[in-house]
Amino acid sequence: GYGWAWGGHVDFLFGSDARFTQAVDGLESDWNQTHPFYQAALPQFYLDIAYNDWLLRMGHFYTILGYEVVQAPKNFFYTHSYAHQYGEPFTHTGLLLSRKLNDQWAFSLGLHRGNDQFDDTDGQDAVGFLGGVNWTSLNERLALAFALSADEFGPQTQRVIFSTVATWNISSRSQYVFQWDWGNAEDARGVDSQWYGINQYFFYTINPCWKFGTRLEWFRDTDGTRVTGIGVGNQVAGASFPGDFYEISVGLNWSPRANIVVRPELRWDWYEPEGAVATFPYDSGDRDDQFLFGCDFILTF
């Protein structure tokens, strides 16, 4: 109800996380980056134009799919789920029109160049679809979010990915989140590959400084096309892992001040293969499970 407004946003990211948000074609790939871990990325640069409850976003921006997000300070856990890391896109380049209809309903519709793409290097000039619907109950205790991306990745390779996230505020201190993801890709030969999974989160606020959280995940990479290593030393060349991935994460967030967060986490991953496999996904191909302890320190300013 306030008429016209406009603005913009730019993110520049340097460090070991930058390689995950780089476009798979063009943009950062044209920069001179030789270090295997520490690189640079430009994951967001967009212009917003708004009129009353309408918002048009134009440029390169983070995806609307899923529960977890790219920016570390906005997640509870130090590590990411398989669904976020392997099952969903990180960025889009295109247009996204959004509107909040009322306190309960909001929607978004848009066009993009493809998941995690910037340049049209395959020469197909394909345009993908991006959209979502959000609903919040009148008492704000229950929320549902559905988002879908349909695009072409490579010549005549069609891909559809959607996520559904339900959030239930059980009480003023406890919250439960349920997420269901599904993806399918079909190549020019008509061969399908699918991946899907379920994430469950439970959070409990102990006091203003301490918060407890747990995550239980099942992620199925039916054809072994999604889950790979995440860099040098973490993958086996040419390896494929068809089957089911499971993980349990337990963690704490300690916030002694409003702009400081310490996130210790204990995690257990295990893998159940679909038939016989030549190598396993952990410990350079030798193990089908792993334990991980991690902790980071976040200072926002």
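What this report covers is the structure whose coordinates are included nearby. (Residues numbered from 1 in each chain as written. Predicted model: local features only at pLDDT ≥ 70, side-chain atom pairs only at ≥ 80, totals over all residues. Heavy atoms only, no water.)

### Focus on the overall build of the protein
Each helix and strand in the protein was counted, giving two helices and 14 strands. What you see for the protein is a C-alpha radius of gyration of 20 Å, in line with the 19 Å of a compact globule of 301 residues. When the backbone C-alpha atoms are referred to their principal axes, the protein occupies close to 60 × 55 × 35 Å. Within the protein, buried positions represent 42% of all 301 residues. Sequence-distant contacts, at least 24 apart, represent 56% of the contacts inside the protein between residues at least 6 apart. (Helix = DSSP H or I, 4+ residues; strand = E, 2+ residues; numbered from the N terminus. Rg over C-alpha atoms; globule rule 2.2 N^0.38 Å. Buried < 20%, exposed > 50% of the residue type's maximum accessible area, 1.4 Å probe, protein only. Contact = heavy atoms within 4.5 Å.)

### As for the pairing of strand 7 (residues 142-152)
Pairing of strand 6 (residues 128-136) with strand 7 involves eight bridges; the strand directions are antiparallel. Along strand 7, the bridge assignment pairs F129 with A150. Adjacent in sequence and paired antiparallel, strand 6 and strand 7 are bridged by five residues, among which E140 carries a positive phi angle near 65 degrees. (Pairing = 2+ DSSP bridges.)

### Quick word on the packing of aromatic side chains
For any two aromatic rings, the description comes down to two numbers: the centre-to-centre distance and the angle of the planes. Summed over the entire model, instances satisfying the criterion amount to 21 aromatic pairs. Ring geometry for Y201 and F203: centres 6.0 Å apart, planes at 25 degrees, overall stacked. Accessibility expressed as a relative area gives 1% for Y201, which makes it buried. According to the relative accessible area criterion, F203 is buried, its value standing at 3%. Between R226 and the ring centre of W195, over which it is positioned, the NZ or CZ distance is 4.1 Å. (Phe/Tyr/Trp six-rings, centres within 6.5 Å; stacked < 30°, edge-to-face > 60°. Lys NZ or Arg CZ within 6 Å of the ring centre and 35° of its normal.)

### A closer look at the nonpolar core
Membership of the largest hydrophobic core comes to 19 residues, with the highest contact counts inside it found for Y82, F219, V227 and F245. Top contributing element to this core by residue count: helix 2 (residues 82-87), with three residues. The residues touching F219, leaving out its near neighbours within four places in the chain, are Y82, A83, G87, W195, Y196, G197, V227, G243, D244 and F245. Among the nonpolar cores identified, the runner-up in size contains six residues, and V165, V177, Y201 and F203 belong to it. (Core = buried A, V, L, I, M, F, W, Y, C linked by side-chain atoms within 4.5 Å.)

### Section: unusual backbone geometry
With a phi angle near 65 degrees, E140 is a residue other than glycine that sits in the positive phi range. Within the secondary structure layout, E140 lies in the loop between strand 6 and strand 7. Judged by relative accessible area, E140 falls into the exposed class, the value being 58%.

### With respect to the environment of G8
In this structure, G8 sits in strand 1 (residues 4-15). As for G8 and N115, which are separated by 107 residues in sequence, their C-alpha atoms are 21 Å apart. Dropping the residues within four chain positions of it, G8 is found in contact with Y46, L47 and D48.

### Some points on the pattern of salt bridges
For the coordinates displayed, the defined rule picks out eleven salt bridges. Residue R220 pairs with D244 through a salt bridge whose shortest N-O separation is 3.0 Å. In this pair, R220 sits in strand 11 (residues 210-221) while D244 sits in strand 12 (residues 243-257), placing the two residues 24 residues apart along the sequence. Overall, the relative accessible area of 12% leaves D244 in the buried class. For D289, the salt bridge is made with R287, and the minimal N-O distance between the two is 3.0 Å. Salt bridges linked by common partners bring E68, R215, E247, E265, R267 and D269 together as one network. (Salt bridge = Lys/Arg side-chain N within 4 Å of Asp/Glu carboxyl O.)

### Remarks on the side chain of T91
With respect to the helices, strands and loops of the structure, T91 is situated in strand 4 (residues 91-100). For T91, a relative accessible area of 0% gives the class buried. Excluding anything up to four places from it in sequence, T91 contacts T21, P43, H60, F61, Y62, T63, G114, N115 and D116.

### Examining the state of the cysteines
Within this structure, the stated rule accounts for zero disulfides. The closest cysteine sulfur to the non-disulfide-bonded C209 is located on C295, 16 Å from its own sulfur. Residue class for C209 comes out partly exposed when judged on its relative accessible area of 31%. On the basis of relative accessibility, which here comes to 41%, the residue C295 falls in the partly exposed class. (Disulfide = S-S within 2.5 Å.)

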